[in-house]
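Residue-level structural notes
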Amino acid sequence: MSILISDEGIPAGERFERWRESLSHAKQAAPVEVEADDEAGYRFSVRYGDLGATRVSLVTTMPYRAYRSPRLIRESSPDLVNLGMILRGRAGFSLPDREADLTPGTFCVCETWRPYSVDVRGPGAGRAVRSLMMAFPRALLPLPDAKMREVSAVAMPAGPGIGALASRLLVQLAAGMGHYGPAEASRLSAAALEVLAVRLAYALDCGRLVAPETRRGALLASIHDFIARHLGDPELSP
């Protein structure tokens, strides 16, 4: 099941406030402060759903800026990881000591107890930005805290190899969120998180820190992905 929130039927003067509320829903109880250059005429659409313990959101908006401030962290600090991927447009994701430049197909992660800012920019005048967001408990990502700090707000390109697989799985998971049953949703989100863990470990050059069962799960997802993409190939064999 998925939920759609959009500006349809909302008076122009109330749309931006509705978007502000919607973004907090998408981030699963990790509220942010939001601002935009054209708040009066703002347009947006958010579709989100819970797949197991993971909340997945597809967001289409005008450009905006969001801040996870120390004040908001003091008020609400769930132990979550946020993942953001740009599908159209680009974004700058900043921590106090670094910034990731996100282009289409590129994603980054960050824990919600850390202050951060996001500057989401359009692909051209009058064109909307499209992005994918995920929020899930920190405990589901089997990386030590020190390594997690190293990989936070680091741009993860879409390919090749495990990077391409991670990006494809995330997009497929979001695209089908309204059609999965509870058991299938939990299985698919678990597989996506296993691939994500291996992708982040690869970026850190610390694959040994990922449990063998997580690596096996990522390998199985890679095999399934390869088969699905080559079913029409007459050379495909066992």
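Here's what I pulled together on the structure shown here. In this convention, every chain numbers its residues from 1, walking through the sequence in written order. The model is predicted, so local features are restricted to residues of pLDDT at least 70 and side-chain atom pairs to those at 80 or more, both for listing and for counting; the totals for chains, interfaces and linings are taken over all residues. The side-chain figures draw on all heavy atoms in the structure; neither hydrogens nor water molecules are used.

If DSSP finds at least two bridges between two strands, the strands pair. Helix and strand assignments come from DSSP, with helices taken as H or I runs of at least 4 residues and strands as E runs of at least 2, each series counted from the N terminus. The antiparallel open sheet is built from six strands, whose spatial order is β1-β3-β4-β11-β6-β9. What marks the edges here is a single partner per strand, and that holds for β1 (3-6) and β9 (107-111). This sheet shows a mean twist of 15 degrees between the axes of neighbouring strands, independent of strand direction. Both strand β6 (residues 80-88) and strand β11 (residues 129-137) contribute to a ladder of eight bridges, which runs antiparallel. Within β11, the position partnered with N82 by the bridge is A135. Between N-to-C directions, angles span 0 to 180 degrees; the directions come from axes that are lines fitted to C-alpha atoms, helices contributing only their stretch in contact.

Right, let's get into the pattern of salt bridges. Once the charged atoms of two side chains with opposite charge are near each other, the side chains can pair. By convention in these notes, a salt bridge is any Lys or Arg side-chain nitrogen within 4 Å of a carboxyl oxygen on Asp or Glu. Evaluated as defined, the whole model comprises 15 salt bridges. The closest approach of N and O atoms between D7 and R43, which form a salt bridge, is 3.0 Å. Within this pair, whereas D7 is found in the loop between β1 and α1 (12-26), its partner R43 is found in the loop between β2 (33-35) and β3 (44-51), the two being separated by 36 residues in sequence. Burial classes: relative accessible area under 20% of the type maximum marks a residue as buried, over 50% as exposed, and values in between as partly exposed (1.4 Å probe, protein chains only). Accessibility expressed as a relative area gives 7% for D7, which makes it buried. Of the residues examined, R43 reaches a relative accessible area of 44% and is grouped as partly exposed. A salt bridge links R65 to E35; the shortest N-O distance between them is 2.9 Å.

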